[in-house]
Amino acid sequence: MTDFTATRRAFHLPQGITYLDGNSLGPMPVAARDRVARMMADEWSEMLITGWNKAGWYVQPRKVGDRIARLIGAGPGQVVMGDTLSIKVFQALSAALALRPGRRVILSDSGNFPSDLYVAQGLAHSLGAELRVVAPEAVEAAITDDLAVLMLTEVDYRTGRRHDMDALTARAHDAGALALWDLAHSAGAVDVDLTAADADFAVGCTYKYLNGGPGAPAFIWTHPRHADAAQPILQGWMGHDAPFAFDPDYRPATGVERMRVGTPPVIALAALDAALDVWDDVSLADLRARSIVLTQAFIAGVEASCPDVTLNSPRDPALRGSQVSFCHPQGYAVMQALIAAGIVGDFRAPDVLRFGFAPLYNDLDDVERAVDGLARILRDGSWNDERFHQRAAVT
Ligand SMILES: Cc1ncc(COP(=O)(O)O)c(C=O)c1O
Ligand SMILES: Nc1ccccc1C(=O)C[C@H](N)C(=O)O
């Protein structure tokens, strides 16, 4: 059995805060602070340029990728780290399109995160391809024989709705298309198994449920059947077969390493590597079971005590990731009042109160405090105050 009391202790959780926003930015694992301090003191300062070899900075993107692989049902050597998620979406989508010459249709859904849709729009525009966007529940029926790539985010960033990765990937394959999955809200939140789903490409970020810190690098996975055929398109020198040959012509590295672009973010990778230590003794089955307990308890508690909000997530936990959202017409102000009371979730336009439950550090006491806090704020109307209506730049 996974010891979730121990995993919770691994984090710095500020006094007086109930943190339910790990679906946007995970809290700091204490070991990450120490690891970064050590990296600065022993590696950057003392080794200087030799750190690339001596401290293993150069191979870090693959080594960290191997640690993430276990959490998403991938094998060793199949995942590599680097860049931001938007860039990894670009690489995976462009590579997938290139593997389906003659087909030009990308299918996604309206619940996808805007950055994924923007990347697809840009690519479609430059390649003369077509991006079709349908409602999440209409995806299956929209998989037609002209499709090149099905590009979905498994867990919807607003509703928490979870797509059936196995079934939709199989449908895409039946139609002759490839399936690309964005695991931003899945990795570290649910029991992902890319190999069992037989997906083609996957990407994700590490600053949410993997707790790598703000701006932590993204990951990309290529199924082994494509790894040596996929064209990176965004061809950078660190994805070259021999970067230090300084050959003027590009030749892709073998396997997923061709998806590296430029210099890896070494300090951020040190923080992420330490954050991944927390996962060493965690079973994904236990993680999923605990996530369901927490989200079910939250839904039951809010529905019993907050008549002014309506559930905006699937009620069936099998159809949900590890987050729950509720709608309230004044959602922004209600969330600001809640945050001021020490209960941190977030708001997504137009009216969504969003709460992420990270089984590594959230527990039923957090659920109880969040339910009580929300019920009180809605009951006493304290959210209806001028200062809670001021919009911040980042929400
Ligand atoms: C599903 C999804 N895709 C893409 C992004 C954007 O990632 P990034 O800002 O790291 O490029 C996010 C979150 O920011 C996301 O949740
Ligand atoms: N990277 C960020 C930087 C600043 C503020 C939020 C984010 C998020 O990641 C938002 C998240 N993708 C979301 O699902 O809303």
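Counting of residues starts from 1 at the beginning of each chain's written sequence and follows it residue by residue. To label them, take the chains in the order written and letter them from A, then take the ligands in the order written and number them from 1. The predicted nature of this model means local features are confined to residues of pLDDT at least 70 and side-chain atom pairs, given and counted, to a pLDDT of 80 or more, with totals for whole chains, interfaces and linings taken over all residues. Note: side-chain values were computed over all heavy atoms of the structure, leaving out hydrogens and water.

### Quick look at the packing of aromatic side chains
Each Phe, Tyr or Trp ring, with Trp reduced to its six-membered ring, pairs with another whose centre is within 6.5 Å; inter-plane angles below 30 degrees give stacked pairs, above 60 give edge-to-face pairs, and intermediate values give tilted ones. Scanning the model with the defined rule gives 11 aromatic pairs in all. A centroid spacing of 5.5 Å and a plane angle of 85° characterise the contact between F244 and F246, whose relative ring orientation is edge-to-face. What makes F244 exposed here is its relative accessible area of 53%. For F246, a relative accessible area of 58% puts it in the exposed group. Members of the aromatic cluster, each reached through a chain of ring pairs, are Y58, W237, F244 and F246. Criterion for a charge above a ring: Arg CZ or Lys NZ at most 6 Å from the ring centre, at most 35 degrees from the ring normal. Taking the ring centre of Y58 as reference, the NZ or CZ of R260 above it sits at 4.4 Å. Over the aromatic face of Y332 sits the side chain of R391, whose NZ or CZ is 4.3 Å from the ring centroid. Each residue's exposure class comes from its accessible area (1.4 Å probe, protein chains only) as a fraction of the maximum for that residue type: buried when under 20%, exposed when over 50%, partly exposed otherwise.

### Concerning the confidence of the model for the protein chain
Averaged over every residue, the pLDDT of the protein chain is 98; the share at 70 or more is 100%. This complex was scored by the predictor with a pTM of 0.98 and an ipTM of 0.98. Each residue carries a pLDDT score, the predictor's own confidence in it, on a scale running from 0 to 100.

### Description of helix α13 (residues 364–380)
Helix and strand assignments follow DSSP, with helices taken as H or I runs no shorter than four residues and strands as E runs no shorter than two, numbered in order from the N terminus. Residue count minus one, scaled by 1.5 Å, sets the expected span of a helix. With 17 residues, α13 extends 24 Å between its outermost C-alpha atoms, agreeing within 8% with the 24 Å of an ideal straight helix rising 1.5 Å per residue. When α13 is considered as a whole, its buried residues turn out to be D366, V367, A370, V371, G373, L374, A375, I377 and L378. Contacts between residues were defined by any pair of non-hydrogen atoms, one from each residue, lying within 4.5 Å. Here the buried face of α13 lies against α1 (4–9), β2 (18–19), α11 (284–305), α12 (331–340), β13 (343–344) and β15 (352–356). Within two residues after α13, G381 carries a phi angle of roughly 70°, on the positive side.

### Looking at a negative patch on the surface
There is a patch of like negative charges on the surface, built from E140, D164, D166 and D193. As for its placement among the helices and strands, E140 is situated in the loop between β6 (130–134) and β7 (147–153). The class for E140 is partly exposed, based on a relative accessible area of 43%. Patch definition: residues above 30% relative accessible area lacking any salt bridge, with like charges linked at up to 9 Å and the nonpolar side chains Val, Leu, Ile, Met, Phe, Trp and Tyr linked at up to 5 Å. Note that accessible areas follow from Shrake-Rupley with a 1.4 Å probe, and for residues the cover is restricted to the protein chains shown. What makes a salt bridge here is a side-chain nitrogen of Lys or Arg within 4 Å of a carboxyl oxygen of Asp or Glu, nothing more. None of His or the chain ends enter the tally, which takes Lys and Arg as positive and Asp and Glu as negative. Every charge is mapped to an atom, namely NZ of Lys, CZ of Arg, CG of Asp or CD of Glu.

### Brief notes about the UniProt feature "binding site: pyridoxal 5'-phosphate" (unreviewed entry) in the protein chain
Summarizing the sequence annotation, UniProt attributes the feature "binding site: pyridoxal 5'-phosphate" (unreviewed entry) to L85, S86, F113, P114, S115, D116, T153, D182, H185, Y207, W237 and T263 in the numbering used throughout. A maximum C-alpha distance of 30.1 Å among these annotated residues, which run over 179 residues, shows that they spread across the structure rather than meeting at one spot. Take H185: it is sitting in the loop between β8 (178–182) and α8 (194–197). H185 sits in the buried class, given a relative accessible area of 4%. Other than its neighbours up to four places away in sequence, H185 contacts N23, V155, Y157, K208, Y209, Q323 and R354. On the secondary structure map, T263 appears in the loop between α9 (224–227) and α10 (266–277). With residues near it in sequence (within four places) discarded, T263 still touches W52, W237 and M238. UniProt positions are given in the numbering used here, feature names are shortened, and annotations may be inferred rather than shown by experiment.

### Some remarks on the environment of D372
Relative to the elements of secondary structure, D372 occurs in helix α13. The exposure class assigned to D372 is partly exposed, which follows from its relative accessible area of 44%.

### Some details on the packing of helix α4 (residues 60–69) against α10
Only C-alpha atoms enter the line fits that serve as axes; for helices the fit covers just the stretch in contact. Angles between N-to-C directions range over 0 to 180 degrees. Between α4 and α10, the least distance of the axes is 10 Å, while the angle of their chain directions is 25°. Relative to α10, the element α4 lies roughly parallel. Where α4 crosses over α10, the two elements pack in a sense that is left-handed. Together, Q60, P61, V64, R67 and I68 of α4 and L269, A270, L272, D273, L276 and D277 of α10 make up the contact between the two elements. A breakdown of the residues in the contact of α4 with α10 according to their chemical character gives 7 nonpolar, 1 polar and 3 charged. Roughly parallel means an angle under 35 degrees; roughly antiparallel, over 145; roughly perpendicular, 65 to 115; everything else is oblique. Should the near helix be turned anticlockwise from the far one by less than a right angle, the crossing is left-handed, and should it be turned clockwise, the crossing is right-handed. Residues are sorted three ways: Asp, Glu, Lys and Arg are charged, Ala, Val, Leu, Ile, Met, Phe, Trp, Tyr, Cys and Pro are nonpolar, and all the rest, Gly among them, are polar.

### Structural notes on the pattern of salt bridges
The final tally for this structure, using the stated rule, is 26 salt bridges. The residue D277 makes a salt bridge to R35 at a minimum N-O spacing of 3.0 Å. Here D277 is found in helix α10, whereas its partner R35 is found in helix α2 (residues 30–47), with 242 residues between them in sequence. A salt bridge links R251 to D247, with the shortest nitrogen-to-oxygen separation between them at 3.8 Å. Residue R251 is classed as partly exposed on the basis of its relative accessible area, which comes to 40%. The network of salt bridges with shared partners includes R35, R67, D273, D277 and D280.

### What about the sheet that holds strand β4 (residues 79–81)?
When DSSP locates at least two bridges between a pair of strands, those strands are taken to pair. Read from one edge to the other, the open sheet built from 7 strands follows the order β4-β10-β9-β8-β7-β5-β6, with strand pairing classed as mixed. The open sheet has two edge strands with one neighbour each: β4 and β6. With strand direction ignored, the average angle separating the axes of adjacent strands in the sheet is 20°. Of the pairings in the sheet, the one linking strand β5 (residues 105–109) to β6 comprises 5 bridges and is parallel in character. Following the sheet pairing, S108 is matched in β6 by V133.

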